[in-house]
Amino acid sequence: MMLASEAVYTILGPLFNDRVGPSPLPEGFDKSETYITYEGITAIPEMTTKNWTGHDQVRMQVNVMNHDNIQCEKEAIKVKRAMDSQNIVSCDFLGERYAGLDVETQLWQIQIDFYIWQTAC
């Protein structure tokens, strides 16, 4: 049994020195290096004619954050490659959005969306 959020952390945590967590990150989190946040956007339950199967297809947004825009792009490629090559969960790349510089945090951000199958039971 693995939830989509657990899968993202398991796959990306080692690549980014565990600087991976749900959005929003807790106050006081060190943002001096690349970090990754993730959040579930929607979930589509897999149903049979009788009931829910215990599986959901979750649209998960993964956010890559960095002070340098070029490094942010390189890290986004690393995220896509890791999610594509893993064999923990079924995962499909949906697309990415260059979110630009966040004025408040002064960090560059790239948002990457995936469909991830999760098993709840």
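Just so it is clear, the model here is predicted, and its values are computed rather than measured. (Residues numbered from 1 in each chain as written. Predicted model: local features only at pLDDT ≥ 70, side-chain atom pairs only at ≥ 80, totals over all residues. Heavy atoms only, no water.)

Draft legend 1. Molecular detail of the overall build of the protein chain. The helix and strand tally for the protein chain stands at two helices and five strands. Starting at the N terminus and ending at the C terminus, the protein chain contains elements arranged as α-β-β-β-α-β-β. Whereas a compact globule of 121 residues would reach a radius of gyration of roughly 14 Å, the protein chain reaches 15 Å, a difference of no more than 12%. Once the C-alpha set of the protein chain is aligned to its principal axes, its extents read approximately 50 × 30 × 25 Å. In the protein chain, which comprises 121 residues, the proportion classed as buried is 38%. Taking as baseline every contact in the protein chain between residues at least 6 positions apart, the subset at least 24 positions apart corresponds to 59%. Surface accessibility of the protein chain: about 7,000 Å² in total, with carbon and sulfur atoms responsible for 50%. The averaged location of the 17 negative side-chain charges in the protein chain is 4 Å from the averaged location of its 9 positive side-chain charges. (Helix = DSSP H or I, 4+ residues; strand = E, 2+ residues; numbered from the N terminus. Rg over C-alpha atoms; globule rule 2.2 N^0.38 Å. Buried < 20%, exposed > 50% of the residue type's maximum accessible area, 1.4 Å probe, protein only. Contact = heavy atoms within 4.5 Å. Areas by Shrake-Rupley, 256 points an atom, 1.4 Å probe, with all protein chains shown as cover. Lys, Arg positive; Asp, Glu negative; His and termini not counted. Charge placed at Lys NZ, Arg CZ, Asp CG, Glu CD.)

Draft legend 2. Summary view of helix H1 (residues 4–12). Every buried residue of H1 is accounted for by Ala4, Ala7, Val8, Ile11 and Leu12. Here the buried residues of H1 occupy an arc of 105 degrees about the axis, which is enough to place them on one side. (Arc of directions from axis to C-beta.)

Draft legend 3. Seen up close, the pairing of strand S4 (residues 91–102). Where S4 and strand S5 (residues 107–119) come together, 10 bridges link them in antiparallel fashion. Residue phenylalanine 93 lies in a different strand from S5, and its bridge partner there is phenylalanine 114. Connecting S4 to the next strand, S5, in antiparallel fashion are four residues, including glutamine 106 with a positive phi near 60 degrees. (Pairing = 2+ DSSP bridges.)

Draft legend 4. Quick peek at the side chain of glutamine 86. With respect to the helices, strands and loops of the structure, glutamine 86 is situated in the loop between helix H2 (69–85) and S4. Within the structure, the side chain of glutamine 86 is placed 2.6 Å from the backbone nitrogen of isoleucine 88, a separation counted as a polar contact. Discounting residues that sit within four places of it in the chain, glutamine 86 has contacts with Ile11 and Cys91. (Polar contact = N/O pair within 3.5 Å; in protein donor to acceptor, adjacent residues only side chain to side chain.)

Draft legend 5. Structural view of the nonpolar core. Within the largest apolar cluster, 24 residues are counted, with the highest numbers of intra-cluster contacts made by Leu12, Val62, Val79, Met83 and Ile116. Looking at this core, the elements with two or more residues in it are H1, strand S2 (35–47), strand S3 (52–66), H2 and S5. Beyond its immediate chain neighbours, meaning those up to four positions away, leucine 12 contacts Val20, Ile36, Val62, Val79, Ala82 and Met83. (Core = buried A, V, L, I, M, F, W, Y, C linked by side-chain atoms within 4.5 Å.)

Draft legend 6. Quick look at the packing of H1 against H2. Across the interface, H1 lies against H2 with an axial gap of 10 Å and an inter-helix angle of 115 degrees. Of the possible angle classes, the one that applies to H1 and H2 is roughly perpendicular. Crossing handedness for the pair H1 and H2: right-handed. In contact with Val8, Ile11 and Leu12 of H1, H2 contributes Val79, Ala82 and Met83. The residue inventory of the contact of H1 with H2, partitioned by class, reads six nonpolar, no polar and no charged. (Axes fitted to C-alpha atoms, helices over the stretch in contact; angles between N-to-C directions. Parallel < 35°, antiparallel > 145°, perpendicular 65-115°, else oblique. Left-handed = near helix turned anticlockwise from the far one by under 90°. Nonpolar A, V, L, I, M, F, W, Y, C, P; charged D, E, K, R; others polar.)

Draft legend 7. Representation of unusual backbone geometry in the model. Here the residue pair serine 23 and proline 24 is connected by a cis peptide bond, since its omega of -5 degrees sits within 30 degrees of zero. Tracing the backbone shows proline 24 in the loop between strand S1 (20–22) and S2. Notably, aspartate 18 is not glycine yet its phi reads approximately 60 degrees, a positive angle. Mapped onto the elements of the fold, aspartate 18 is located in the loop between H1 and S1. Backbone geometry places glutamine 106, a non-glycine residue, at a positive phi of 60 degrees. On the basis of relative accessible area, glutamine 106 is assigned to the partly exposed category, the value being 43%.

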